[in-house]
Amino acid sequence: MAKRSRRTAARKATRKKSGAPADAAAPEVGPQPPPATAAVSRETRTAAAEAYEQKKEREAARNAAKSAASRELGELPPCKDPRRRAAAETSLRAWCEIYLNKKGWFNLAWSPDLLESAADFDELLAVGGRKLRAMPRGGGKSTLGKAGVLKGALTGAFNFVVLIGAIMRMGRRLLADVKHELLTNDLLLEDYPEVCVAIRRVGNVANRCKGQTIDGEPTFIEWGKDMVVLPVIPGSRASGCILYAAGLEGAIRGLNVNGKRPKFAFVDDPQTKKSAKSVEQTNARMELLKNDVRGLAGPDEELAIYAAVTVIYPGDLADQLLDPELSPDWEGKRGKLLYAFPDDWTR
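The paragraphs below set out a description of the structure included in this document. Given the structure is predicted, the values throughout are model-derived calculations rather than measurements.

1. Some thoughts on the pattern of salt bridges
- One pass over the full model with this rule turns up 19 salt bridges.
- With a closest N to O distance of 2.7 Å, R84 and D191 form a salt bridge. Separated by 107 residues along the polypeptide, R84 in helix α3 (residues 82-88) and D191 in helix α8 (residues 186-191) bring together distant segments of the chain.
- Take D191: its relative accessible area is 0%, and that puts it in the buried class.
- Between E331 and K131 there is a salt bridge, with its nearest N and O atoms 2.9 Å apart. With a gap of 200 residues between them, E331 in strand β10 (residues 331-334) and K131 in strand β1 (residues 130-134) connect regions that are remote in the sequence.
- Overall, E331 belongs to the partly exposed group, its relative accessible area being 39%.
- Salt bridges here are not isolated pairs; linked through shared partners, they connect K80, R84, E190 and D191.

What follows is the structure, given as structure tokens:
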């Protein structure tokens, strides 16, 4: 308390000397101007701006180089086992047993009908034609057709194939199964690296296709739900092959992609249970097969077709296609549900 009194008395004495009243308040201190800065010359500002632009250009170039490196495939590995690949390509059956056996597609014994179908497919891949195979559901005809599409695409038997289902959803399902093998089958990756390395780099993300290169040149790969374009790789037999999903009643007339017309069509169960009951729908689908599908290759060109069908009702689409009098331009065969009864019924 005594210290505070002495400080107060000292302040009053100071004010008295300066002529200010003893009880006058201390003057308020207003805002102070900022300290003066040295003037920056125009040359200095220009140099700073140029340095900043150069920095941005270096960062952009570094990012572009990094992005290009991530899209570049680089040197592709060779086929891991050329002898295995050569043995597989001798026939569709061999190809299935070597590359698709571990995937659960062909891990059971082959029925006589399936063996005939595989031989039919080999003939189609070699010389073309129109083959029709009727088998009970679960007999393996659709699986064989998808395997034939895989083999034909990877070996360069055709450069444009259309996978046709009764409706668009089924066509997409066929293509999805083929895509799954191309993306996940390690044996195909080992023996067909010119195709599968680029697909693995995409990793089922379609946006990664953009800008993919090999030796600085674009691969033009596409990976969609309706269409796949295999990478354009120098020396690859599958270079640029198109796999296209469609429904029988979809807009497929005059199909043309990148200046290419289809060379092969896999038609899988082209009728539904509902359409099989209808004479009108059956006739309409027959016209689509005979005109729109057969005409996919273009004028004066023959389209190779493999059709897998199941007869649902007498007189339905499949039944008419299998009748040589009604469909003489189709080579159709009917498979059996049962070849023989067991010798011992008691077991």
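2. Overview of the packing of aromatic side chains
- For the structure on display, the rule yields 7 aromatic pairs.
- Between F121 and F264 the ring centres are 5.5 Å apart and the planes differ by 40 degrees, which places this aromatic pair in the tilted class. Highlighted residues: F121 in helix α5 (residues 112-127) and F264 in strand β8 (residues 264-268), separated in sequence by 143 residues.
- The exposure class of F121 is buried, given its relative accessible area of 0%.
- An aromatic cluster is present here, built from F121, F158, F264, F266 and Y306 joined pairwise through their rings.

3. Quick notes on the packing of helix α7 (residues 168-184) against helix α9 (residues 193-202)
- Where α7 contacts α9, the axes come no closer than 8 Å and their chain directions differ by 95 degrees. Taken as axis vectors, α7 and α9 run roughly perpendicular relative to one another. In this structure, α7 contributes L182, L183 and T184 to the contact, and α9 contributes C196, I199 and R200.
- Residue composition of the contact of α7 with α9, by class: 4 nonpolar, 1 polar and 1 charged.

4. What about the sheet that holds strand β7 (residues 242-247)?
- Ordered in space as β5-β6-β7-β2-β8-β9-β1-β10, the 8 strands form an open sheet in which the pairing is mixed. The outermost strands of the open sheet, each flanked by one partner alone, are β5 (222-223) and β10.
- The pairing of β5 with strand β6 (residues 227-229) spans 2 bridges and is antiparallel. By the bridge assignment, E222 is partnered in β6 with V229.

5. Here's the deal with the pairing of β1
- Summarising burial for β1: 5 of the 5 residues are buried, a large majority.
- Judged by which residues are buried, β1 turns out to be covered on both faces: R130, L132 and A134 on one side and K131 and R133 on the other are all buried.
- Where β1 lies against β10, 4 bridges are found, and the strand directions are parallel. Paired with A134 across the strands is R334, a residue of β10.

6. Some points on the environment of P193
- Looking at the secondary structure, you find P193 in helix α9.
- Classification of P193 by relative accessible area gives buried; the value is 2%.
- Sequence-wise, P193 and P78 are 115 residues apart; in three dimensions their C-alpha atoms are separated by 6.9 Å.
- Once residues lying within four places of it in the same chain are set aside, the contact partners of P193 are L76, P77, P78, C79 and L188.

Scoring rules and cut-offs
- Residues numbered from 1 in each chain as written.
- Predicted model: local features only at pLDDT ≥ 70, side-chain atom pairs only at ≥ 80, totals over all residues.
- Heavy atoms only, no water.
- Salt bridge = Lys/Arg side-chain N within 4 Å of Asp/Glu carboxyl O.
- Helix = DSSP H or I, 4+ residues; strand = E, 2+ residues; numbered from the N terminus.
- Buried < 20%, exposed > 50% of the residue type's maximum accessible area, 1.4 Å probe, protein only.
- Phe/Tyr/Trp six-rings, centres within 6.5 Å; stacked < 30°, edge-to-face > 60°.
- Axes fitted to C-alpha atoms, helices over the stretch in contact; angles between N-to-C directions.
- Parallel < 35°, antiparallel > 145°, perpendicular 65-115°, else oblique.
- Contact = heavy atoms within 4.5 Å.
- Nonpolar A, V, L, I, M, F, W, Y, C, P; charged D, E, K, R; others polar.
- Pairing = 2+ DSSP bridges.

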